[in-house]
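Chain by chain, the residues:
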Amino acid sequence: MLRSAVLGGGASVVAATAMGSLGPEAAFAANAATTATAQKVEPGAPDPDFAEGRIRSIKDNTLLVLGSNMVLHTIRVVDGTSLWKLGPVGFDQAKPGDGLYARGVRMPDGMLAAESVWLNIVNIKGHITNIKGQTFHLDHNGHEVLCHVVAGTTVAIHSQSPPTTDLSMLKVSQHVQVLGAWRPDTNEVDIATVFSPH
């Protein structure tokens, strides 16, 4: 279920670099149609400057990624590439098994020179079923997701309030949206931002 949250709907992240941010909010803020690159792509055709999938192997600065459509992508991380994994990270944080979205420039040899890479990013909605310590359980379409608060990283945005590290306003049965980083092959997520309408 979370694998599909990481790898499904890749078009939702392609506008992030156009918005000037690598954070998770930017990655899910717009649709592909808002970018100049996406406007050059025929409707229904894949965007050549975008790739998604799971990392199969890493050699030097190159990622071999198997897309959810079973297409293999070769992605090169260059000096200017921005990487996100619950926050800005170095290339050494990319691991085989990580899910990713990548945006960049397609080279003549078919390799994607990445401008931005988001590792294990998820955007899920549901209602809180249990709160215990630094975790809460989220019911996401009938699937349980264990969400972990990460000290120094996790923030909450309540209604129109500014971000805060105070999560005490979260309550059982409350509907929330969680942006964060999936722990591959689990039902667990480290929280970057949790949005609550109240």
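Owing to the predicted nature of the structure, the values given are computational and were not obtained by experimental measurement.

1. Considerations on the pattern of salt bridges
Under the criterion given, the structure shown has five salt bridges. Between Lys85 and Asp98 there is a salt bridge whose closest N-O contact spans 2.8 Å. Of the two residues, Lys85 is situated in the loop between β3 (72-84) and β4 (99-106) and Asp98 in the loop between β3 and β4; the sequence distance between them amounts to 13 residues. A salt bridge links Glu188 to Arg183, with the shortest nitrogen-to-oxygen separation between them at 3.2 Å.

2. Observations regarding the environment of Lys171
Topologically, Lys171 is positioned in the loop between β9 (155-158) and β10 (175-182). By relative accessible area, which is 49% here, Lys171 ends up partly exposed. Spatially, the C-alpha atoms of Lys171 and Asn130 are 8.3 Å apart, while their sequence positions differ by 41 residues. Leaving out residues up to four positions away in the same chain, Lys171 has contacts with Ile128 and Ile131.

3. So, the nonpolar core
Judged by nonpolar contacts, the single largest core of 16 residues is most densely connected at Phe136, Leu138, Cys147, Leu170, Val176, Val178 and Val194. Elements that contribute at least two residues to this core include exactly β6 (121-132), β7 (135-140), β8 (143-148), β10 and β11 (188-196). Other than its neighbours up to four places away in sequence, Cys147 contacts Gln134, Thr135, Phe136, Leu138, Val178, Val189 and Ile191. Core analysis: the second largest hydrophobic core is formed by 14 residues, Ile75, Leu83, Ala94 and Val117 among them.

4. Overview of the environment of Thr193
When you line up the elements, Thr193 lands in strand β11. Assessed through its relative accessible area of 3%, Thr193 is described here as buried. It is 9.5 Å that separates the C-alpha atoms of Thr193 and Thr164, two residues lying 29 residues apart in sequence.

5. Some points on the sheet that holds strand β1 (residues 50-59)
Strand order in this closed barrel of five strands is β1-β2-β3-β5-β4, and the pairing throughout is mixed. Across this sheet, the average inter-strand angle for adjacent strands is 55°, counted without regard to direction. With seven bridges connecting them, β4 and strand β5 (residues 112-119) associate as antiparallel partners. By the bridge assignment, Arg103 is partnered in β5 with Ser116.

6. A look at the pairing of β4
For a regular strand, side-chain orientation follows a simple rule: the groups alternate between the two sheet faces. Across the eight residues of β4, six count as buried, placing the element largely inside the fold. Direction of pairing for β1 relative to β4: antiparallel, over a ladder of five bridges. What sits directly across from Ala51, in β4, is Ala102. Between the antiparallel neighbours β4 and β5 lie five residues, among them Gly110 with a positive phi of about 95°.

7. Considerations on the confidence of the model for the protein chain
The predicted coordinates of low-pLDDT regions are not to be read in fine detail. Per-residue confidence for the protein chain gives a mean pLDDT of 81; residues scoring 70 or more make up 78%. For the stretch residues 7-24, pLDDT sits under 50, and the model shows 58 contacts to residues farther than four places along the chain or on other chains. Of the regions scoring below 50 in pLDDT, residues 28-38 engages in 29 contacts with residues more than four places distant in sequence or in other chains.

8. Thoughts on the side chain of Ser196
Inspection of the secondary structure puts Ser196 in strand β11. Engagement of the side chain of Ser196 in a polar contact is seen with the side chain of His158, the distance being 2.9 Å. Other than its neighbours up to four places away in sequence, Ser196 contacts Ile157, His158, Ser159, Leu170, Gln174, His175 and Val176.

9. Thoughts on unusual backbone geometry
Notably, Leu86 is not glycine yet its phi reads approximately 75°, a positive angle. Its place among the elements puts Leu86 in the loop between β3 and β4. You can call Leu86 buried: its relative accessible area is 17%.

10. Concerning the pairing of β1
Sheet topology note: the β1/strand β2 (residues 62-66) ladder contains five bridges and is antiparallel. Bridge pairing in β2 places Ile58 opposite Leu63. Connecting the antiparallel pair β1 and β2 is a turn made up of two residues, with Asp60 showing a positive phi of about 55°.

Cut-offs applied
Residues numbered from 1 in each chain as written. Predicted model: local features only at pLDDT ≥ 70, side-chain atom pairs only at ≥ 80, totals over all residues. Heavy atoms only, no water. Salt bridge = Lys/Arg side-chain N within 4 Å of Asp/Glu carboxyl O. Helix = DSSP H or I, 4+ residues; strand = E, 2+ residues; numbered from the N terminus. Buried < 20%, exposed > 50% of the residue type's maximum accessible area, 1.4 Å probe, protein only. Contact = heavy atoms within 4.5 Å. Core = buried A, V, L, I, M, F, W, Y, C linked by side-chain atoms within 4.5 Å. Pairing = 2+ DSSP bridges. Axes fitted to C-alpha atoms, helices over the stretch in contact; angles between N-to-C directions. pLDDT = per-residue confidence, 0-100. Polar contact = N/O pair within 3.5 Å; in protein donor to acceptor, adjacent residues only side chain to side chain.

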